[in-house]
Amino acid sequence: MKSQSFCRYFKNKTKKTYIQFWMEVRIGYACRLLIDDEKNVSEISYESGYNNISHFNHHFKLITKKKPLEYKKDYLEIESNTGR
């Protein structure tokens, strides 16, 4: 299957482009690293496949509607309020 055919098929089935899907996977991985690791945002962005921190921040906010540190802070607040 040619890449154009695959991309068209993928979008037809998932209602998102392959690039959008891949970006969500990378940001999802970054979210997990933010929660589980003690790494800084720069290290997490590189480990998630981004070579540019501002590009990472832009995509992160596009997907989660929050900045990376806001996301981590909100998660920790929720976790402390639920007693986990």
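Use the structure listed above.
Residues numbered from 1 in each chain as written. Predicted model: local features only at pLDDT ≥ 70, side-chain atom pairs only at ≥ 80, totals over all residues. Heavy atoms only, no water.

Engineer: Talk me through the overall build of the protein; I want residue IDs and the actual numbers.
Structural biologist: Per the secondary structure count, the protein includes five helices and zero strands. Overall, the protein shows an N-to-C arrangement of helices and strands of α-α-α-α-α. The C-alpha atoms of the protein give a radius of gyration of 15 Å, which is well past the 12 Å a tight globule of 84 residues would have. By its C-alpha atoms, the protein is 50 × 30 × 20 Å across when sized along the principal axes. For the protein, with 84 residues in total, the buried portion stands at 23%. When contacts within the protein are restricted to residue pairs at least 6 apart in sequence, those whose partners lie at least 24 apart make up 39%. (Helix = DSSP H or I, 4+ residues; strand = E, 2+ residues; numbered from the N terminus. Rg over C-alpha atoms; globule rule 2.2 N^0.38 Å. Buried < 20%, exposed > 50% of the residue type's maximum accessible area, 1.4 Å probe, protein only. Contact = heavy atoms within 4.5 Å.)

Engineer: I'd love a proper account of unusual backbone geometry, names of residues and values included.
Structural biologist: Phi at K15 takes a positive value of approximately 65°, unusual for a residue other than glycine. Among the structural elements, K15 can be located in the loop between helix 1 (3-14) and helix 2 (18-36). Unusually for a residue other than glycine, K65 sits at a positive phi of about 65°. Checked against the element boundaries, K65 lands in the loop between helix 4 (53-64) and helix 5 (68-82). On the accessibility criterion, K65 (65% relative accessible area) is exposed.

Engineer: Lay out the packing of helix 2 against helix 4 in plain terms, naming residues and giving numbers.
Structural biologist: Viewed as axis vectors pointing N to C, helix 2 and helix 4 meet at an angle of 95°, and their least axial separation amounts to 10 Å. With respect to helix 4, the axis of helix 2 lies roughly perpendicular. Residues M23, E24, I27, A30, C31 and L34 of helix 2 form the contact with helix 4, whose participating residues are F56, H59, F60, L62, I63 and T64. Residues that form the contact of helix 2 with helix 4 fall into these classes: nine nonpolar, two polar and one charged. (Axes fitted to C-alpha atoms, helices over the stretch in contact; angles between N-to-C directions. Parallel < 35°, antiparallel > 145°, perpendicular 65-115°, else oblique. Nonpolar A, V, L, I, M, F, W, Y, C, P; charged D, E, K, R; others polar.)

Engineer: I'd love a proper account of the environment of T82, names of residues and values included.
Structural biologist: Assignment of secondary structure puts T82 in helix 5. For T82, a relative accessible area of 49% translates into the label partly exposed. At 3.1 Å, the side chain of T82 and the backbone oxygen of E79 are in polar contact. (Polar contact = N/O pair within 3.5 Å; in protein donor to acceptor, adjacent residues only side chain to side chain.)

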